[in-house]
Structures are given as structure tokens and as C-alpha cells.
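A closer look at the structure
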Amino acid sequence: MQLVRQKDQMMAKGVHRPRRTLGAALAVAALASAATACSGSAEPERGAPAPAAGQQAPAAGALTAYVERVRAQRAARVLAAKKWGLTQPPLEAPAPPAVKPKITTRKGFETDGEGLPPVFTTVPTKQKVVFLTIDDGAEKDPRLLTMMKELRIPYSAFLSDYVVKDDYGYFARMQKSQEAGVSLHNHTLHHRYLPALSYGEQKREICGMQDVIEKQFGKRPPLFRPPYGNYNEDTLRAARSCGVKAVPLWAAEAFPDHMEWREWDRDLHPGDIVLTHFRGKEDWKGTMPDMIRRVMNVITSKGYAVAKLEDYV
């Protein structure tokens, strides 16, 4: 009898396990459904980002709330895309890698120095993501902050002091305008052609901007972009001396009316860095929102999402 009771108990336990498994499967199915229900386009938007490696999926009780939050975010993004005139909502970026990829200097971009910050145009990743970066800070359009927040598009700003010092507050608001934050990086004090300067002059341009960003925005930036993309070994040595870890250039550049490409195939690739500038109608054929509309339509139509550069570098 005791053996029979033990067998009955084991069978009873065996019945309950599949039910819990079924419940979890239904919850996951609900999450997948929520991820595509609000895409608002013929091609479903990518699902909600999976938990990063080493992280646990939400518990069953929290999963329902997570599904609702994802659904609400997708619906808001669809409405924002219509409001700002995009052809379709931006695609959702996948979860960032648990371990950042190793960044090395692009072939042909090397100097003779060793141990210098790597110079690169593309982040090594197989994920179909690109990174949006905006240079200098001349145009301070408040609509840009609203547009990027409503569309939930991550981006990084590379600032030059000579054009941002008249309104540090704008970039302080930018820094806090998104839940994940907008990172502010170094583009020198005066946007000079660095290879024509001595090592000491380059160091003042680069390290001086490091000091400004730390004082005004609370953090010494790890990334630096040389004006015009031009540098020499002294540039990288000076940048390293004041805390710069990497030097991202770009693979494509965005304007309100066209794109320019570095690569021969005139296309995007996984991990490409996209450059644009803080400019308005007095400098180019459109506004900052016009430029974002153009570049996002290109990025999304090619099946790419915009990810946060600092999650990978």
C-alpha cells in the first residue's frame, strides 16, 4: 500500500508540472502577441527584447504587467511615428550583449603608436542594429528632444564647446530626456583641424573639452570624435591622456534630403555608425526633425533598428 501511495503521489506531481509549463508557454505567447499587435504596419515589428544573458525572465506574475507595458510602448511609438511623418514605426532594438564586443582600429586607420584608443566606423556585431550620433551642437531645436523621446530613438551627441556654451541647459535637458539617458561625448573645444596642431595644442582642445563636459554634465566622457574625422598619432595620445577609451568615426552620414556612404555598396551593415549634425534650415535643406525623419525611414526600410552606442562600446 505504501508503494502504491508513493506512486500515486508521484503521478499527481507529474500532472501538475505540465500545467505550470503550459501556463508559462501561454504567458510567453501572450508576450509575443503583444510585441506585434501594435506595429501598425504590414511587416510586424520585432518582438520585445529578450532578457540579456545571465538575466532571468520576468516571473509569471510580473509578466502580465510587462506585456501591458510593451503593448503600451508599441502603441505610443506607432502614434509618434504618424505624428512625426515616418513611413513606419522604428524597429525595436534587441537586448544589448551581456559582454561588449572587442573594438579594434579599422584596417587602414592605424597609426604607429601602440596602446592607443581604437578608431572605428562599425561596431563588430551580428545584430541588425546601427548607431545614431549627432555632432557639434550648433542647432538647439527643442522639437528634436521631443521627437526622439516620443519615438524612443537612442542617440549619442559629440559636442564642441564653441557652439554649445551659449546654452549648456539645452544639452543638460537632452541628457535626461530619455529613460536610458542620452550620452554626451567629446568633439573638442573649437572644432579645429587637429593634425595641423602640436601635441600640446591638441591636448588642450581634447582634454579641455573633457573638463567642460565633466563640469557641465557630471561625467567625463569615454568617447571622442575628431573634427572632420581627421587625426594623427598625437591626437590619439592626447585623447588617451585624459580618459578617452575609443574614437568612433562613421560609416554613413545623414542629411534631410539624402544619405552619404563610406562603403562602396552604399548600404547599411550590422553595427554601422551613422553621423549627422545639429543643423537647421540656414545650413541645410531642412530641420532637425526633417533629418531624423529621413534617416529613420532609410534605417527602418532596410530592416535595421537603432541601438544605444554605449551599450556596445
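You'll find the structure just up there.
Residues numbered from 1 in each chain as written. Predicted model: local features only at pLDDT ≥ 70, side-chain atom pairs only at ≥ 80, totals over all residues. Heavy atoms only, no water.

This part is about the pairing of strand β3 (residues 156-159). Put simply, side chains in a regular strand alternate between the two faces of the sheet. Of the two faces of β3, both are covered, the one formed by S156 and F158 as well as the one formed by A157 and L159. Note: strand β2 (residues 129-136) against β3, four bridges, orientation parallel. When the sheet's bridge partners are listed, D136 is paired in β3 with L159. In this fold, β2 hands off to helix α3 (residues 142-151), which returns the chain to β3; that crossover is right-handed. As paired strands, β3 and strand β4 (residues 183-186) are joined by four bridges and run parallel to one another. Bridge pairing links A157 to L184 in β4. (Buried < 20%, exposed > 50% of the residue type's maximum accessible area, 1.4 Å probe, protein only. Helix = DSSP H or I, 4+ residues; strand = E, 2+ residues; numbered from the N terminus. Pairing = 2+ DSSP bridges. Right-handed = clockwise from strand over helix to strand, strands pointing away.)

Summed over the entire model, instances satisfying the criterion amount to five aromatic pairs. Measuring from centroid to centroid gives 5.0 Å for F131 and Y312, while their planes differ by 65 degrees, and the two rings are edge-to-face. With a gap of 181 residues between them, F131 in strand β2 and Y312 in the segment after β9 (305-306) connect regions that are remote in the sequence. Accessibility assignment for this pair places F131 and Y312 in one class, buried. Centroid distance Y170 to F171: 5.0 Å. Interplanar angle 85 degrees. Geometry classified as edge-to-face. As far as the burial class goes, Y170 and F171 line up, both buried. Through pairs of rings, three or more aromatic residues link up here, namely Y170, F171 and F278. A cation over an aromatic ring shows up here: R237 above the ring of Y199, its NZ or CZ 4.3 Å from the ring centre. One residue, R262, lies across the ring of W250, its end atom 5.5 Å from the ring centre. (Phe/Tyr/Trp six-rings, centres within 6.5 Å; stacked < 30°, edge-to-face > 60°. Lys NZ or Arg CZ within 6 Å of the ring centre and 35° of its normal.)

This brings us to the state of the cysteines. Throughout the structure, instances matching the rule amount to one disulfide. The residue that forms a disulfide with C207 is C242, at a sulfur-sulfur distance of 2.3 Å. Every disulfide takes its handedness from the sign of the S-S torsion; for C207 and C242 that torsion is -85 degrees, giving left-handed. Taken together, the residues span a long stretch of sequence, with C207 in helix α6 (residues 199-217) and C242 in the loop between α7 (233-241) and β5 (247-248) at a distance of 35 residues. Both residues of the pair, C207 and C242, count as buried. (Disulfide = S-S within 2.5 Å.)

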